[in-house]
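Given next are the chains, with one letter for each unit.
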Amino acid sequence: MAEQLGDGTRAIHVGMPEGPDGSPLVSSPVFASTYRLTGEPSGPYQYGRLTNPTWTAWEAALSELEGGETVAFASGIAAVSAVLLTALRPGDTLVMADDCYYATRRLAEGLLTDLGVTAHLVPLNELGDHVDGATLVWLESPSNPKLDVCDIATLAERAKRHGARIAVDNTTATPLGQQPLSLGADYSVASDTKALTGHSDLILGHVACRDTEHANAIRTWRSSTGAIPGVFETWLAHRSLMTLDLRLQRQAANAQALAEMLSSHPAVREVRYPWLPGDASHQIATRQMRRPPGLVSFTLDDGATADKFLAALSIVATATSFGGLHSTAERRARWGGDDVHPGFIRFSCGCEDTVDLIADVATALERV
Ligand SMILES: Cc1ncc(COP(=O)(O)O)c(C=O)c1O
């Protein structure tokens, strides 16, 4: 599909079937574990753990949006594990941003370290100083939950000079917000549980690769370990993808309005939203990204105040995860895994009317 088409057009049409009169306009799920297969095994579909037509359509769509061959997984963390465990061997060095998703950090510091990989966790903006000797450099941008942004192209160039691969967890941005492969990354990894599918009703992930050999290794890993996506979830995901552009537009508009309102509110400190002109990530985010995400983070006085605020919200649910149609918020310190202030809130703007969302947050802030 032509690159110059708009995001709305691409999100609707990627990976969808073409055909003569009488053929379906959209793809349907194929629930086959078993395919007819006689003689020497050949053809694209032989056994359900290896290939499936519903995955093929979904992966074609993601490959187009990411700009590289894509392999779908049962969850975001299955996609993360696939990259870590195919790219690294005992004796290798992993350099990872220390603000990455906690389960990713846990793999680095736990399983990988046990397997003989040396893992260095360093601040996102210091990754460039540690690429010498690294086998793989891992980061999230914008990071979750603090929303810091890394200059991916500069880091990728540096990593390449030192012979290191670079993987970007692109969950918060989605491929409409940012294409890590075109910025020089070797892998773009994501939890599709979040904004990409956006309906809070499924768990999925994917890995997009710049290099066909890496994609083959990732695909073989999936077949070998069985971390395969469910067919129904995959079909739901492809159905949800068609509205990605619309959802992101409303989420970003809500996030901008919320960030502006919070920035001038006396009860709120340290608002983070890369599209706020005063934000520490503003310059690099607006230069590097194609469009903004719907996440805002901010800090209230302490944990008790933050809990009171969350309880006072009416249309915003307290929940973990983000990127859905429904606005959600949570006090991240309740999990204990992130280095955040006790009053730090990650707020995921959904697709409600902006005026309703802002009124709900303003009323809750008045109550605390
Ligand atoms: C940035 C990021 N990467 C990966 C994951 C893991 O994804 P999943 O929960 O789909 O396994 C998450 C989950 O919250 C995440 O936020």
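Residues numbered from 1 in each chain as written. Predicted model: local features only at pLDDT ≥ 70, side-chain atom pairs only at ≥ 80, totals over all residues. Heavy atoms only, no water.

## Digging into the pairing of strand β12 (residues 344-348)
Consecutive side chains of a regular strand alternate in pointing toward one face of the sheet and then the other.
Piece 1. Burial runs high along β12: five of the five residues are buried.
Piece 2. Judged from the five bridges that link them, strand β9 (residues 295-299) and β12 form a sheet pairing that is antiparallel. Looking at β12, one finds that Thr-299 is bridged to Phe-344.
Piece 3. Relative to β12, strand β11 (residues 328-331) runs antiparallel, the two sharing four bridges. Paired with Thr-328 across the strands is Ser-348, a residue of β12. (Buried < 20%, exposed > 50% of the residue type's maximum accessible area, 1.4 Å probe, protein only. Helix = DSSP H or I, 4+ residues; strand = E, 2+ residues; numbered from the N terminus. Pairing = 2+ DSSP bridges.)

## Digging into the sheet that holds strand β2 (residues 93-97)
Piece 1. Sheet architecture is open: seven strands sit in the order β1-β7-β6-β5-β4-β2-β3, paired in mixed fashion. The sheet terminates laterally at β1 (69-73) and β3 (118-122), the two strands that pair on one side only. The mean inter-strand angle of the sheet, taken between neighbouring strand axes irrespective of direction, is 20°.
Piece 2. Where β2 meets strand β4 (residues 136-140), three bridges bridge the pair, whose relative direction is parallel. If you follow Val-95 over to β4, its bridge partner there is Val-137.
Piece 3. With respect to the sheet, helix α2 (residues 53-66) is in contact with β1, β6 (187-191) and β7 (205-209), its orientation differing from that of β1 by roughly 130°. (Axes fitted to C-alpha atoms, helices over the stretch in contact; angles between N-to-C directions. Contact = heavy atoms within 4.5 Å.)

## Quick word on the site of the ligand
Piece 1. As a matter of local geometry, the ligand sits amid 14 residues, with Ile-77, Asp-169, Ser-191, Thr-193 and Lys-194 nearest to it.
Piece 2. Ile-77 has a polar backbone atom sitting 2.9 Å from an oxygen atom of the ligand.
Piece 3. In the model, an oxygen atom of the ligand is placed 3.0 Å from a nitrogen or oxygen of the Asn-144 side chain.
Piece 4. Burial of the ligand by the protein chains amounts to 90% of its free accessible area of 390 Å².
Piece 5. When the residues that make up the shell around the ligand are grouped by side-chain class, the tally is five nonpolar, six polar and three charged. (Near = heavy atom within 4 Å. Polar contact = N/O pair within 3.5 Å; in protein donor to acceptor, adjacent residues only side chain to side chain. Areas by Shrake-Rupley, 256 points an atom, 1.4 Å probe, with all protein chains shown as cover. Nonpolar A, V, L, I, M, F, W, Y, C, P; charged D, E, K, R; others polar.)

## Re the sheet that holds β11
Piece 1. Strands sit in the order β8-β9-β12-β11-β10 across an open sheet of five strands; the sheet is mixed. Looking at which strands have only one partner, the edges of the open sheet turn out to be β8 (269-272) and β10 (317-318).
Piece 2. Sheet topology note: the β10/β11 ladder contains two bridges and is parallel. The partner of Thr-318 across the bridge, within β11, is Ala-329.

## Overview of helix α8 (residues 231-241)
Piece 1. Three or more residues of α8 are buried, namely Val-231, Thr-234, Leu-236, Ala-237, His-238, Ser-240 and Leu-241.
Piece 2. Contact partners of the buried residues in α8: α1 (7-13), α2 and α9 (244-263).

## With respect to the side chain of Arg-272
Piece 1. Mapped onto the fold, Arg-272 is located in strand β8.
Piece 2. What makes Arg-272 buried here is its relative accessible area of 18%.
Piece 3. Separated by 2.9 Å, the side chains of Arg-272 and Asp-279 make a polar contact.

## Side note on the pattern of salt bridges
Piece 1. Counted by the stated rule, this structure contains 20 salt bridges.
Piece 2. Among the salt bridges present, the one from Arg-272 reaches Asp-279, with a minimum N-O distance of 2.9 Å. The pair formed by Arg-272 and Asp-279 is uniform in burial state, with each residue classed as buried.
Piece 3. Measuring nitrogen to oxygen at the nearest pair gives 3.1 Å for the salt bridge that ties Arg-331 to Asp-307. Residue Arg-331 is located in strand β11, and its partner Asp-307 is located in helix α11 (residues 303-312); the two are separated by 24 residues in the primary sequence.
Piece 4. What makes Asp-307 partly exposed here is its relative accessible area of 38%.
Piece 5. Residues participating in the shared-partner salt-bridge network are Arg-105, Glu-330, Arg-332, Arg-334, Asp-338 and Arg-346. (Salt bridge = Lys/Arg side-chain N within 4 Å of Asp/Glu carboxyl O.)

## Observations concerning the nonpolar core
Piece 1. Among the nonpolar cores identified, the biggest contains 46 residues, and Leu-84, Leu-94, Leu-136, Trp-138, Leu-139 and Tyr-187 are the most heavily contacted of them.
Piece 2. In terms of residues, this core owes the most to one element, helix α3 (residues 76-87), which gives eight residues.
Piece 3. Leu-262, Val-296, Leu-300 and Phe-309 belong to the second-largest nonpolar core, a separate cluster that totals 34 residues. (Core = buried A, V, L, I, M, F, W, Y, C linked by side-chain atoms within 4.5 Å.)

## Re the packing of aromatic side chains
Piece 1. On inspection of all chains with the given rule, the structure shows six aromatic pairs.
Piece 2. Where Phe-31 meets Phe-232, the ring centres are 6.5 Å apart and the plane angle is 25°; that geometry is what we call stacked. One end of the pair, Phe-31, is in the loop between α1 and α2; the other, Phe-232, is in helix α8, and 201 residues separate them in sequence.
Piece 3. For Phe-31, a relative accessible area of 58% puts it in the exposed group. (Phe/Tyr/Trp six-rings, centres within 6.5 Å; stacked < 30°, edge-to-face > 60°.)

## So, α3
Piece 1. Between its terminal C-alpha atoms α3 stretches 17 Å, which fits the 16 Å expected from twelve residues at 1.5 Å a residue.
Piece 2. For α3, a buried count of eleven out of twelve residues is recorded, marking the element as mostly surrounded by other parts of the structure.
Piece 3. Taken together, the buried positions of α3 are occupied by Gly-76, Ala-78, Ala-79, Val-80, Ser-81, Ala-82, Val-83, Leu-84, Leu-85, Thr-86 and Ala-87. (Expected span 1.5 Å × (residues − 1).)

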